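Take a look at the letters that make up each chain.
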Amino acid sequence: MSSEEKNGKEGLIEFYSSYRELFEFFCNNTTIHGAIRLVCSRNNRMKTAFWLVLFLVTFGLMYWQFGLLFGQYFSYPVSINVNINSDKLLYPAVTVCTLNPYRYQAIQKDLDKLDRDTQETLLTLYGYNYTNVHGSTNTNRRRREAEAPLPYPLERIPAGEKHQRHARSLDNNENETMEVKRQDWNFGFKLCNDTGGDCYYKTYSSGVDAIREWYRFQYVNILARVPKTDTTNGEQLENFIFSCRFNEEPCLTDGKYSHFHHPIYGNCYTFNHKRPESETWTSSTPGIKNGLSLVLHIEQNDYIPLLSTVAGARVLVHGPNEAAFMDDGGFNLRPGVETSIGMRKETISRLGGDYSDCTEDGSDIDVKNLFNSEYTQQVCVRSCFQAIMVERCGCAYVFYPLLDGAEYCDYDKQKSWGHCYYKLDKEFSSDKLGCFTRCRKPCQLTNYRLNAGYSRWPTKVSES
């Protein structure tokens, strides 16, 4: 026996000659009920086995609970707080477009030629005689015959043939028109790379879609020839907006709106956009009299019919410092009606760090912002596409801002840009370019949910 045992005292650290002695000491001195039973019932093997299994199961359950607890802790759960306030709110920016693409004087001759070639295409493919319907003279026909046709003509393609094969089309000199069944033919135009070794058809099953996309493709090429110094605004503001009031105060004075031109939606005017903080519109009371009220005059003179097939105005509600993407969230207003639009503002705040990979202002994203606006995911995505477009196709898409040193695509200068663009656009839609991955969501995001009501305007009584 050790001297400590002789003296009847316990040492600070006890040493045992075997694990069995250590286990028995633990079981005899612990408060764990199952451990005591393991020692007390050692003479009964069945009882010992039962308590051993029960002991192991309870220990397993305890550590399973520990695993769930730590797993929940390291998963960074998100709590959502919804606050409803009635304080004075910042009023959004409102962009209104004429839906009338403007005919720039610098490219008027090119647009006229495009219209003449479109008439010839309609006659060749569909037997539709534009001159008879609209009363044009034979002078335009003789002019078309003397001019060289536009490149990338629209053709009829047998539906069963592969896009890489040459399509068959009617001879321009034929007088009779073949009856075309929709299921038997596709419509499209052929695009090739610089060498001509890689070609494919941009095809559509609908002739209406085909000719509109073909016209749009030709229009983009022509639009690239507009000089950068062209400051033509098309129709003046007062010819489009007859009346503007915000909170019952006039809002057509200088500095209350900004102007830009959209190639498809025409002249656009934005109210409450990038104004000084002291002059920014605010609203605290709902109702028609406490918001923005506009009276618009819809003109259809000199429309480009295949680019703008509707009459009315296009409206977009967005943040005061955000870019206006009319294709994404805009909607059309009908002429001859009064439209009342209710708005509900929703603000989303995302936690960064381990909770998400959101960005505060886009400064930590390796994509140059080409738009003169604050960061949004759509601004970044379009800037990313434009940069890749310039890199791979050698020119920029005319609907997006230019990069330094780049020029807009025109098949007179970049013969194969259409072949490159449509392939790139397909990769972009499937996110093979990685733009949606690189362009992270902002940590602060404001959305405006809209609902509209309509009524006939003006009434017969008010007209008289």
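**Quick word on the pattern of salt bridges**
Reasoning step 1: All told, the structure shown has 14 salt bridges when counted by the stated rule.
Reasoning step 2: The salt bridge partner of Glu279 is Arg275, with a shortest N-O separation of 3.5 Å.
Reasoning step 3: Overall, the relative accessible area of 13% leaves Arg275 in the buried class.
Reasoning step 4: One network of salt bridges, with partners in common, ties together Asp110, Arg225, Asp410 and Asp412.

**A look at the pairing of strand 5 (residues 199-204)**
Reasoning step 1: Here strand 4 (residues 185-192) runs beside strand 5; their pairing, made up of six bridges, is antiparallel. Paired with Cys192 across the strands is Cys199, a residue of strand 5.
Reasoning step 2: Counting the residues in the hairpin turn of strand 4 and strand 5 gives six residues, including Gly196, whose phi is positive at 80°.

**Here we look at the sheet that holds strand 11 (residues 292-296)**
Reasoning step 1: Across the sheet, three strands lie side by side as 7-6-11; this open sheet has antiparallel pairing. Looking at the sheet topology across the chains shown, the edges are occupied by strand 7 (249-250) and strand 11.
Reasoning step 2: Pairing of strand 6 (residues 241-246) with strand 11 involves five bridges; the strand directions are antiparallel. Across the sheet, Cys244 pairs through a bridge with Leu294, a residue of strand 11.

**With respect to the state of the cysteines**
Reasoning step 1: Under the counting rule described, the total for this entry stands at eight disulfides.
Reasoning step 2: Here Cys244 pairs with Cys251 through a disulfide, and the sulfurs are 1.7 Å apart. An S-S torsion of about -100° defines the bridge between Cys244 and Cys251 as left-handed.
Reasoning step 3: What makes Cys244 buried here is its relative accessible area of 5%.
Reasoning step 4: A relative accessible area of 1% places Cys251 in the buried class.
Reasoning step 5: Two residues share a disulfide in this structure: Cys393 and Cys420, whose sulfurs sit 1.8 Å from each other. Between Cys393 and Cys420 the disulfide shows an S-S torsion of about -80°. By sign, it is left-handed. Highlighted residues: Cys393 in helix 11 (residues 377-393) and Cys420 in helix 12 (residues 417-429), separated in sequence by 27 residues.

**Focus: the packing of aromatic side chains**
Reasoning step 1: One pass over the full model with this rule turns up 26 aromatic pairs.
Reasoning step 2: Ring centres 5.6 Å apart and planes at 80° place the aromatic pair Tyr152 and Phe217 in the edge-to-face group. With Tyr152 in the loop between helix 7 (138-146) and strand 3 (154-158) and Phe217 in helix 8 (residues 207-223), the pair connects residues that are 65 residues apart, well separated along the chain.
Reasoning step 3: Judged by centre distance (6.2 Å) and plane angle (90°), the rings of Phe385 and Tyr400 are edge-to-face. Here Tyr400 lies in the loop between helix 11 and helix 12 and Phe385 lies in helix 11, a separation of 15 residues in the sequence. The burial state of Phe385 is the same as that of Tyr400; both residues are buried.

**Remarks on the confidence of the model for the chain**
Reasoning step 1: Summing up the model confidence of the chain, the mean pLDDT is 81 and the portion of residues at 70 or higher is 81%.
Reasoning step 2: Ranking the elements of the chain by mean pLDDT puts helix 1 (residues 3-7) last, at 51, and helix 11 first, at 96.
Reasoning step 3: Of the regions scoring below 50 in pLDDT, residues 161-183 engages in 33 contacts with residues more than four places distant in sequence or in other chains.

**Structural notes on helix 11**
Reasoning step 1: The end-to-end C-alpha separation of helix 11 is 24 Å, in line with the 24 Å expected for 17 residues at 1.5 Å each.
Reasoning step 2: Looking only at helix 11, the buried set comprises Val379, Cys380, Val381, Arg382, Ser383, Cys384, Phe385, Gln386, Ile388, Met389 and Cys393.
Reasoning step 3: Where helix 11 is buried, its residues touch helix 10 (326-329), helix 12 and helix 13 (435-438).
Reasoning step 4: Just downstream of helix 11, Gly394 is the residue with a positive phi angle, here 80°.

**Thoughts on the environment of Ile264**
Reasoning step 1: With respect to the element layout, Ile264 can be found in the loop between strand 8 (257-262) and strand 9 (266-271).
Reasoning step 2: Its relative accessible area of 9% is what places Ile264 among the buried residues.
Reasoning step 3: Spatially, the C-alpha atom of Ile264 lies 9.1 Å from that of Arg216, the residues being 48 residues apart in sequence.
Reasoning step 4: Here Ile264 is in contact with Pro101, Arg216, Tyr219, Leu307 and Phe399, once residues within four sequence places are set aside.

Quick notes on the rules
- Residues numbered from 1 in each chain as written.
- Predicted model: local features only at pLDDT ≥ 70, side-chain atom pairs only at ≥ 80, totals over all residues.
- Heavy atoms only, no water.
- Salt bridge = Lys/Arg side-chain N within 4 Å of Asp/Glu carboxyl O.
- Buried < 20%, exposed > 50% of the residue type's maximum accessible area, 1.4 Å probe, protein only.
- Pairing = 2+ DSSP bridges.
- Helix = DSSP H or I, 4+ residues; strand = E, 2+ residues; numbered from the N terminus.
- Disulfide = S-S within 2.5 Å.
- Phe/Tyr/Trp six-rings, centres within 6.5 Å; stacked < 30°, edge-to-face > 60°.
- pLDDT = per-residue confidence, 0-100.
- Contact = heavy atoms within 4.5 Å.
- Expected span 1.5 Å × (residues − 1).

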